[in-house]
Amino acid sequence: NASTATTNNVALGTGHIKAIVDEMRERNIPGYVDDDYVAVSHPSTLRPFKNELETLNQYTSQGLMKIANGEVGRYEGVRFVEQTFVPKGGAIDSTTFDPYTRTADAWNNAKSSWCFFMGADTCNEAVVVPEEIRAKLPGDYGRSQGIAWYSLTGFGLFHTTAAQSRIVKWDSAA
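Residues numbered from 1 in each chain as written. Predicted model: local features only at pLDDT ≥ 70, side-chain atom pairs only at ≥ 80, totals over all residues. Heavy atoms only, no water.

Below, the discussion takes up a nonpolar patch on the surface. A contiguous nonpolar patch, built from I133, I147 and W149 and spanning about 410 Å² of accessible area, is present on the exposed surface. Within the secondary structure layout, W149 lies in strand 6 (residues 147-157). Among the residues examined, W149 registers a relative accessible area of 58% and is labelled exposed. (Patch = residues over 30% accessible without salt bridge, like charges linked within 9 Å, V, L, I, M, F, W, Y side chains within 5 Å. Areas by Shrake-Rupley, 256 points an atom, 1.4 Å probe, with all protein chains shown as cover. Salt bridge = Lys/Arg side-chain N within 4 Å of Asp/Glu carboxyl O. Helix = DSSP H or I, 4+ residues; strand = E, 2+ residues; numbered from the N terminus. Buried < 20%, exposed > 50% of the residue type's maximum accessible area, 1.4 Å probe, protein only.)

Here is the structure:
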């Protein structure tokens, strides 16, 4: 529920990640997996950061394996994950961005896009009807058959106030 008033004019880098992790630790946000946070963004948003990691790790055997395997990796207690489904953009001034219709509206400077940093207790699930397999009643003398997966569930943020939020967003006003 918080938003930035600053137009971001630089790409996501190691200095930004350190500042975000420090802020998350000072807010006592617990780690998501094995005391690590998780960050999700587009491959192009993480590219400058990945280039910096390659430089840091290029002369170690573990670093060479990461580069060879194409892994994003871990840095400052954050595991980085790439996603390509949700479109780029959604800055504060955006009027066309819509993640449900995959309508992109990239940041004005095109140097980066959003990145979500998450800790534990991020969201919770409410189950009304647990997951189950349902079979279609056969019709047409048994030739028409079907099977489906069914459940009634809902998801929501566990902490809805900005001061207690477990998610920190790298964002821009334009």
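Let us look at the sheet that holds strand 1 (residues 37-41). Taking strand neighbours across the sheet as the criterion, the five strands line up as 2-3-1-4-7 in an open arrangement whose pairing is mixed. Each end of this open sheet is capped by a strand with a single partner; those strands are strand 2 (74-75) and strand 7 (167-170). Across four bridges, strand 1 lies against strand 4 (residues 115-118) in antiparallel orientation. By the bridge assignment, A39 is partnered in strand 4 with F117. (Pairing = 2+ DSSP bridges.)

Note that soluble globular proteins tend to have their nonpolar side chains buried in a common cluster. Within the largest apolar cluster, 21 residues are counted, with the highest numbers of intra-cluster contacts made by I17, M24, F49, V78, F80, F117 and W170. Looking at this core, the elements that each hand over two or more residues are helix 1 (14-26), strand 1, helix 2 (43-57), strand 3 (78-82), strand 4 and strand 7. In terms of residue count, the dominant contributor to this core is helix 1 (four residues). Those residues in contact with V78 that sit more than four places away from it in its chain are V21, Y37, V38, A39, G73 and F117. (Core = buried A, V, L, I, M, F, W, Y, C linked by side-chain atoms within 4.5 Å. Contact = heavy atoms within 4.5 Å.)

For any two aromatic rings, the description comes down to two numbers: the centre-to-centre distance and the angle of the planes. A complete count under the given rule lists four aromatic pairs for this structure. The interplanar angle of 65 degrees and the centroid separation of 5.6 Å between the aromatic rings of F49 and Y75 together place this pair among those described as edge-to-face. Of this pair, F49 sits in helix 2 while Y75 sits in strand 2, placing them 26 residues apart in sequence. A residue is classified by how much of its surface remains accessible, and F49, at 0% relative accessible area, is buried. Ring plane angle 90 degrees and centroid distance 6.3 Å describe the contact between F80 and F117, whose orientation is recorded as edge-to-face. Separated by 37 residues along the polypeptide, F80 in strand 3 and F117 in strand 4 bring together distant segments of the chain. Overall, F80 belongs to the buried group, its relative accessible area being 7%. Residue classification places F117 among the buried positions, given a relative accessible area of 0%. Among the aromatic residues, those joined into a cluster by ring pairs are F49, Y75, F80 and F117. (Phe/Tyr/Trp six-rings, centres within 6.5 Å; stacked < 30°, edge-to-face > 60°.)

With that settled, consider the layout of surface pockets. By volume, the second largest pocket amounts to about 240 Å³. If you trace the second largest pocket, you find it lined by V40, V86, G89, G90, F97, P99, Y100, W114, F116 and K169. Classifying every residue of the lining of the second largest pocket by side-chain character gives seven nonpolar, two polar and one charged. (1 Å grid on protein atoms, 1.4 Å probe; cavity = no way out; pocket = protein on both sides within 12 Å on 5 of 7 lines; lining within 4 Å. Points joined across faces, edges and corners; volume = space filled by probe spheres on them. Nonpolar A, V, L, I, M, F, W, Y, C, P; charged D, E, K, R; others polar.)

On the surface, D22, E23, E26 and E76 cluster together into a patch of negative charge. Examined against the element boundaries, E76 turns out to sit in the loop between strand 2 and strand 3. A relative accessible area of 36% places E76 in the partly exposed class. (Lys, Arg positive; Asp, Glu negative; His and termini not counted. Charge placed at Lys NZ, Arg CZ, Asp CG, Glu CD.)

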